[in-house]
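Results of the structural survey
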Amino acid sequence: MTVTRVSEAERLRRWRLVLGGGEADGTDVELHGDDARIDAALGAVYDVSGAAQRRASGRGSGRSGGLGRSAPRVARWLGDIRRYFPREVVQVMQRDAIERLDLRQLLLEPELLATIEPDLHLVTLLVELNHLLPDETRATARAVVANVLAELERKLSDRTRTAVDGALARANRSRRPRPGDIDWLRTVHANLRHYQPEYRTVIPERIVGYGRRRQSLAKDVIVAVDQSGSMADSVVYASLFGSVLAQLPSLRTRLVVFDTSVTDLTPVLHDPVDVLFGVQLGGGTDIAHAVGYCRQFVTRPADTVLILISDLFEGGNPDLLRARVLELTRAGVTVLCLLALSDEGAPVHDRLMAAELAELGAAVMACTPDQFPDVLAKALSATL
């Protein structure tokens, strides 16, 4: 491993930028030019509680903090951080500024919104502010959301389609295939124990083949998403995956979001932006009611997958929730409970309810967006 050595002056400069100046930082370094502007950009977010603070000239014993409530000042700050920091750092600093300095009101101004580096956090924030967006900001907000979702879709859609096609092929394999439908690779693999050394060949006891593609829909997928505030990232990813699944002719996909009531977003599944702007994050939770709503669309239980995305903190009737999940699993429905669909680590959830639903036959797990295609494939091929 190569170790890059830095001079003492450079080391002190870096510590000065990290510590933010002040009498006790021990660096005795004054910043000028670009370093002073970097220092001021950092101080605007991370030094909001200092006492005696200096301005961005590099003189004095501290750096100033806060962006005030001025849109021009915020716009200048956004320009500075985009100039001096890589994109990933810019997104973190924007997120911290919005949360620490309560800049949500400024996001309602289209000129400012257009200058922000878009990311998933910004999308969830705009969904939360949806009902407050003025008409002149809404078009900009939709464009920001569309850009983020398009980037996510490029990363995830191909894997999802491939996983679904593979799962349906496995689920539809025939053990008595016609000659043209034989899957030779899997047939050989399934019969390796019947290898005959004297003949140097495999004598197949079981032939595996591809089933002929059905003319009708192969599977029904119903996605029910908890839209309470803690599930914000999951709502975004569920909307995106729902839109991708709706484009697959072999699936009949339905998407509903719920709190204490249910909103069916299936008619707008062709556009994930419309889906997200149909969501109202926050409110209570009645999971049993949502499962009951989904139950009416189960017409082919053995060919239906119900994906319930929720932390399982039931604000409605927990006994009714358990009874409805049991009814579905006994009927042959594959019930998949995702405690989260996000990259935010282990989700907080109702552990007791999760364990009880697992005992009733549901598959219960947390899942990242990258893992979702494989998890869905197992659900479609009934191998969970």
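Everything below is about the structure shown above.
All values derive from a computational prediction rather than experimental measurement.

Notes on the pattern of salt bridges
Side-chain pairs of opposite charge can arise whenever the charged atoms involved come near each other. Applying the stated rule across the entire model yields twelve salt bridges. Linking Arg-252 and Asp-220 is a salt bridge whose minimum nitrogen-to-oxygen distance equals 3.0 Å. Of this pair, Arg-252 sits in strand 4 (residues 251-258) while Asp-220 sits in strand 3 (residues 219-226), and the two are 32 residues apart along the sequence. Residue Asp-319 is joined to Arg-322 by a salt bridge in which the shortest nitrogen-to-oxygen separation is 2.3 Å. Of this pair, Asp-319 and Arg-322 both sit in helix 12 (residues 318-331), three residues apart, roughly one helical turn. The network of salt bridges with shared partners includes Arg-142, Asp-271 and Asp-274.

Concerning the pairing of strand 3
Along any regular strand, the residues point their side chains to alternate faces of the sheet. Most of strand 3 is tucked away: eight of the eight residues are buried. The alternating pattern of strand 3 places Lys-219, Val-221, Val-223 and Val-225 on one face and Asp-220, Ile-222, Ala-224 and Asp-226 on the opposite face, and all of these are buried. Sheet analysis places strand 3 next to strand 4, joined by eight bridges and oriented parallel. Bridged to Lys-219 within strand 4 is Leu-251. Of the crossover connections in this fold, the one passing from strand 3 over helix 9 (residues 232-246) to the parallel strand 4 is right-handed. Direction of pairing for strand 3 relative to strand 6 (residues 304-309): parallel, over a ladder of six bridges.

Considering helix 13 (residues 351-359)
Within helix 13, burial applies to Met-353, Ala-354 and Leu-357. All buried residues of helix 13 lie within an arc of 100 degrees about the axis, which places them on one face of the element. Exposed side of helix 13, more than 90 degrees from the buried face: Arg-351, Leu-352 and Glu-359 are the residues found there. Buried residues belonging to helix 13 abut helix 12, strand 7 (334-341) and strand 8 (363-367). The backbone nitrogen of Leu-352 has a side-chain oxygen 3.2 Å away, supplied by the residue at the start of helix 13, namely Asp-350. Looking one or two places after helix 13, you find Gly-361, whose phi comes out positive at around 110 degrees.

Some thoughts on the packing of helix 11 (residues 287-295) against helix 12
It is at 8 Å that the axes of helix 11 and helix 12 come closest, and there the two elements cross at 30 degrees. As far as their axial angle goes, helix 12 and helix 11 are roughly parallel. The two elements helix 11 and helix 12 meet at a crossing, and its hand is left-handed. In this structure, helix 11 uses Ile-287, Ala-288, His-289, Val-291, Gly-292 and Arg-295 to contact helix 12, whose residues at the interface are Leu-320, Leu-321, Arg-324, Glu-327 and Leu-328. Class assignment for the residues of the contact of helix 11 with helix 12 results in six nonpolar, two polar and three charged.

Side note on a nonpolar patch on the surface
Residues Trp-15, Val-18 and Leu-19 make up a contiguous nonpolar surface patch of roughly 310 Å² in combined accessible area. The topology assignment puts Leu-19 in helix 1 (residues 8-19).

Quick notes on the packing of helix 12 against helix 13
Following both chains from N to C, one finds helix 12 and helix 13 inclined at 25 degrees, their axes separated by 9 Å at the closest point. The orientation of helix 12 with respect to helix 13, classified from their angle, is roughly parallel. Handedness of the helix 12/helix 13 crossing: right-handed. Taken together, the residues of helix 13 that come into contact with helix 12 (itself represented by Pro-318, Leu-321, Arg-322 and Val-325) are Met-353, Glu-356 and Leu-357.

Let's talk about helix 14 (residues 372-380)
A large share of helix 14 lies buried, amounting to seven of its nine residues. Taken together, the buried positions of helix 14 are occupied by Phe-372, Pro-373, Val-375, Leu-376, Ala-377, Ala-379 and Leu-380. A positive backbone phi angle near 55 degrees is found at Ala-382, which sits one or two residues after helix 14.

Comments concerning unusual backbone geometry
A positive phi angle is found at Arg-200, which is not glycine, with a value near 50 degrees. Looking at the element boundaries, Arg-200 is found in the loop between strand 1 (195-196) and strand 2 (201-202). Since its relative accessible area comes to 70%, Arg-200 is described here as exposed. In this structure, Leu-312 is a non-glycine residue whose phi angle is positive, near 70 degrees. Tracing the sequence through the fold places Leu-312 in the loop between strand 6 and helix 12.

What counts, and at which threshold
Residues numbered from 1 in each chain as written. Predicted model: local features only at pLDDT ≥ 70, side-chain atom pairs only at ≥ 80, totals over all residues. Heavy atoms only, no water. Salt bridge = Lys/Arg side-chain N within 4 Å of Asp/Glu carboxyl O. Helix = DSSP H or I, 4+ residues; strand = E, 2+ residues; numbered from the N terminus. Buried < 20%, exposed > 50% of the residue type's maximum accessible area, 1.4 Å probe, protein only. Pairing = 2+ DSSP bridges. Right-handed = clockwise from strand over helix to strand, strands pointing away. Arc of directions from axis to C-beta. Contact = heavy atoms within 4.5 Å. Polar contact = N/O pair within 3.5 Å; in protein donor to acceptor, adjacent residues only side chain to side chain. Axes fitted to C-alpha atoms, helices over the stretch in contact; angles between N-to-C directions. Parallel < 35°, antiparallel > 145°, perpendicular 65-115°, else oblique. Left-handed = near helix turned anticlockwise from the far one by under 90°. Nonpolar A, V, L, I, M, F, W, Y, C, P; charged D, E, K, R; others polar. Patch = residues over 30% accessible without salt bridge, like charges linked within 9 Å, V, L, I, M, F, W, Y side chains within 5 Å. Areas by Shrake-Rupley, 256 points an atom, 1.4 Å probe, with all protein chains shown as cover.

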